[in-house]
Amino acid sequence: EYQDPEQLLRAADLAMYRAKAEGRGRFRFFEPELDRQVQERRDLEVALRVAVEQDAIDVHYQPSVDAQTGRIIGFEALARWHDPQRGFIPLAEEVGLIDRIGQSVLRRACAEAMRWPEPISVAVNLSAAQFLSGNLIPAVKGALAASGLAPNRLELEITESIFLQGSESNLALLCKL
């Protein structure tokens, strides 16, 4: 099917990258499905880049409730993209868009929380990639300053993976926050 040398090399590369992704000592034969998957991923990346450019990532809020009183004590900001096929956070991290998305969610969540009665807080999830970007502290300070939200009403949620990647520098960053 692939007669052109460039097509043959591309097919071989696709098979090689798939084998590498599956672990050491593996091999893969090229299958048309590999080409379809690569094209699908490329299309998704382009659509995500357009969504970020057009500020089409929505922020939804999930309530946090005090188990003893049943009262809402805060909301967690959740990024949502209305792509009907799949999630986007892992791809956003992989292609370097997560910092930009994270900053947008942070700004929007702080602005929204200003409309809520005190002491209701907002929680924003942080990606490990945001810690590595060097933009996290300015982004947090900027979002708080722009919105006027009191810092004690903002929770930054992190995952344990943050401590596994450059733990000393991440710990220093957490102390600054």
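None of these values were measured; they are calculated from a predicted model.

Cut-offs applied
- Residues numbered from 1 in each chain as written.
- Predicted model: local features only at pLDDT ≥ 70, side-chain atom pairs only at ≥ 80, totals over all residues.
- Heavy atoms only, no water.
- Phe/Tyr/Trp six-rings, centres within 6.5 Å; stacked < 30°, edge-to-face > 60°.
- Helix = DSSP H or I, 4+ residues; strand = E, 2+ residues; numbered from the N terminus.
- Expected span 1.5 Å × (residues − 1).
- Contact = heavy atoms within 4.5 Å.
- Polar contact = N/O pair within 3.5 Å; in protein donor to acceptor, adjacent residues only side chain to side chain.
- pLDDT = per-residue confidence, 0-100.
- Buried < 20%, exposed > 50% of the residue type's maximum accessible area, 1.4 Å probe, protein only.
- Pairing = 2+ DSSP bridges.
- Salt bridge = Lys/Arg side-chain N within 4 Å of Asp/Glu carboxyl O.

Draft legend 1. Looking closely at the packing of aromatic side chains. All told, the structure shown has 3 aromatic pairs when counted by the stated rule. Ring pairing ties together the aromatic residues Y61, F75 and W116, which thus form one cluster.

Draft legend 2. Broad picture of helix α1 (residues 5–22). In this model, α1 (18 residues) spans 26 Å end to end at C-alpha, consistent with the 26 Å of a helix rising 1.5 Å per residue. Buried residues along α1 sit in contact with α2 (32–53). Two or three places before E6, at the start of α1, stands the capping residue D4, its side-chain oxygen 2.7 Å from that residue's backbone nitrogen. Two residues or fewer after α1 comes G23, characterised by a positive phi angle close to 125°.

Draft legend 3. Region of interest: the confidence of the model for the protein chain. Per-residue confidence for the protein chain gives a mean pLDDT of 87; residues scoring 70 or more make up 94%. The secondary-structure element of the protein chain with the lowest mean pLDDT is helix α7 (residues 161–164), recorded at 69, while strand β3 (residues 121–125) shows the highest, at 97.

Draft legend 4. Broad picture of the environment of E93. Its location among the elements puts E93 in helix α3 (residues 89–94). Spatially, the C-alpha atoms of E93 and A129 are 6.6 Å apart, while their sequence positions differ by 36 residues. When near neighbours in sequence (up to four residues on either side) are disregarded, E93 contacts I98 and S127.

Draft legend 5. Structural view of unusual backbone geometry. Of note, the bond from E118 into P119 is cis; its omega dihedral lies within 30 degrees of zero at 5°. In this model, D55 sits at a positive phi of 55°, which is unusual for a non-glycine residue. When you line up the elements, D55 lands in the loop between α2 and β1 (58–65). For D55, a relative accessible area of 45% corresponds to the partly exposed category.

Draft legend 6. Structural context of the pairing of β1. As defined by bridge partners, β1 adjoins strand β2 (residues 72–80) across 8 bridges and the pair is classed as antiparallel. Along β2, the bridge assignment pairs H60 with L78. With antiparallel pairing between neighbouring strands as the criterion, β1 and β2 make up a hairpin whose turn holds 6 residues, including G70 at a positive phi of roughly 80°.

Draft legend 7. Focus on the pattern of salt bridges. Tallied over the entire structure, the rule returns 6 salt bridges. Residue R41 pairs with E94 through a salt bridge whose shortest N-O separation is 2.4 Å. With a gap of 53 residues between them, R41 in helix α2 and E94 in helix α3 connect regions that are remote in the sequence. Note on E94: relative accessible area 58%, which makes it exposed. Where R100 meets E53, a salt bridge forms, and the shortest distance between an N and an O atom there is 2.7 Å. In this pair, R100 sits in helix α4 (residues 98–113) while E53 sits in helix α2, placing the two residues 47 residues apart along the sequence. Residue classification places R100 among the partly exposed positions, given a relative accessible area of 41%.

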